[in-house]
Amino acid sequence: SQVGIGSGNGSDTQDPTFVGDHDIWRLPQVDDHDADPLDRYAAAHRPVFEAAPPGQPISPNLAGRTAAAFALAAQVDSRSNTVKAQYEYTEAVSLYAMAATKNPPDPLVTADPYGFYPESVWHDDMELGGAEIALAALALRHDPKPYLADAAKWAKAYIANDTGDTFNLYDVSALAHTDLAFAIQLT
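The structure presented is a predicted model; accordingly, all values stated were derived computationally and were not measured.

Colleague: How would you explain the overall build of the chain if you had to name every residue and give the values?
Modeller: The helix and strand inventory of the chain stands at six helices and two strands. For the chain, the succession of helices and strands along the chain, N to C, is β-α-β-α-α-α-α-α. Taking all 187 residues of the chain together, 42% fall into the buried category. For the chain, the share of sequence-separated contacts (at least 6 apart) that also reach a separation of at least 24 residues comes to 65%. Accessible area of the chain: about 10600 Å², with a carbon and sulfur share of 58%.

This is how it looks when you write it as structure tokens:
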């Protein structure tokens, strides 16, 4: 899913009704207390857009990155709140399993409009998701091997097939490779 709107309709109309994240500069914490009903509403009260119909596969770039975020939370929370960490781990695993890796959408689902983040590679996102889930599995004393193997498969596919732009908002392969190597060392 996408949270937020890239830009509002300020440049499209004489009388704009809303602004988006790319239209205004502010600290993120300001959004929590912004009461302006029109001008900044879409930035302060970010809408959520569906990534896919319920129960259907999700674009692998979104599935991998979102799974990685939940797995990172599980790693952090494993030190102080194992119940919460287990929940986050379960969510990461569930999202990761929903990735449309056999038939990814073309173009990949990124943002609306697509032109803001026209991502073209996804193996790096799945590698990152697998590596972070493996690290979370280690932290929670689960078996990391299936996710290590999966992350290694996606790393190999990235190296063989993708011509991304390493380490920018479209390509997280540098992070993925680093954490995969770290997870392998820990096992």
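Colleague: Break down the packing of helix α2 (residues 60-77) against helix α3 (residues 82-97) for me, citing the residues and quoting the values.
Modeller: Two numbers describe a pair of packed helices, the interaxial angle and the distance between the axes. Closest axis-to-axis distance for the α2/α3 pair is 8 Å, and the angle between their directions is 165 degrees. Classified by the angle their axes make, α2 and α3 are roughly antiparallel. At the point where α2 passes α3, the crossing takes the left-handed sense. Every residue of α3 that contacts α2 at A63, T66, A67, F70, A71, A73, A74 and D77 is listed here: T82, K84, A85, E88, Y89, E91, A92, L95 and Y96. Residues belonging to the contact of α2 with α3 are distributed by class as follows: eleven nonpolar, two polar and four charged.

Colleague: Go over unusual backbone geometry with me, naming the residues and quoting the values.
Modeller: Residue D106 is joined to P107 through a cis peptide bond whose omega torsion reads 5 degrees. Within the secondary structure layout, P107 lies in the loop between α3 and α4 (123-139).

Colleague: I'd like a description of the side chain of S78, backed by residues and values.
Modeller: Considering the arrangement of structural elements, one finds S78 in the loop between α2 and α3. With residues near it in sequence (within four places) discarded, S78 still touches A85, A139 and L140.

Colleague: Outline the packing of α3 against α4, supporting the account with residue identities and numerical values.
Modeller: One can describe the packing of α3 onto α4 by two numbers: an axis separation of 10 Å at closest approach and a directional angle of 150 degrees. On the basis of their axis angle, the class for α3 and α4 is roughly antiparallel. Considering only the axes of α3 and α4, their crossing is left-handed. Across the interface between the two elements, Y89, A92, V93 and Y96 from α3 touch M126, G129, G130, I133, A136 and A137 from α4. Considering only residue class, the contact of α3 with α4 consists of eight nonpolar, two polar and no charged.

Rules used throughout
As a convention, each chain's residues are numbered from 1 in the sequence order in which they are written. Residue-level local features of this predicted model are given only where pLDDT is at least 70; pairs of side-chain atoms are given and counted only at 80 or more, and the full residue set underlies all totals for whole chains, interfaces and linings. Side-chain measures were taken over the full set of non-hydrogen atoms in the model, leaving aside hydrogen atoms and water. By definition, any uninterrupted DSSP run of H or I lasting at least four residues is a helix, any uninterrupted run of E lasting at least two residues is a strand, and each is numbered from the N terminus. Note on exposure labels: buried denotes an accessible area under 20% of the residue type's maximum, exposed denotes more than 50%, and partly exposed covers the range between, all computed with a 1.4 Å probe on protein chains only. Contact definition: two residues touch when any of their heavy atoms are within 4.5 Å. Accessible surface area values rest on a Shrake-Rupley calculation with a 1.4 Å probe, where residue burial reflects the displayed protein chains alone. Comment: axis = line fitted to C-alpha atoms, over the contacting stretch for helices; angle = value between 0 and 180 degrees taken between N-to-C directions. Under this scheme an angle from 65 to 115 degrees is roughly perpendicular, one under 35 degrees roughly parallel, and one over 145 degrees roughly antiparallel; angles in between are oblique. The handedness criterion is simple: a crossing whose near helix is rotated anticlockwise from the far helix by less than a right angle is left-handed, and one whose near helix is rotated clockwise is right-handed. For this scheme, ten residues count as nonpolar: Ala, Val, Leu, Ile, Met, Phe, Trp, Tyr, Cys and Pro. Four count as charged, namely Asp, Glu, Lys and Arg, and the remainder, Gly too, count as polar.

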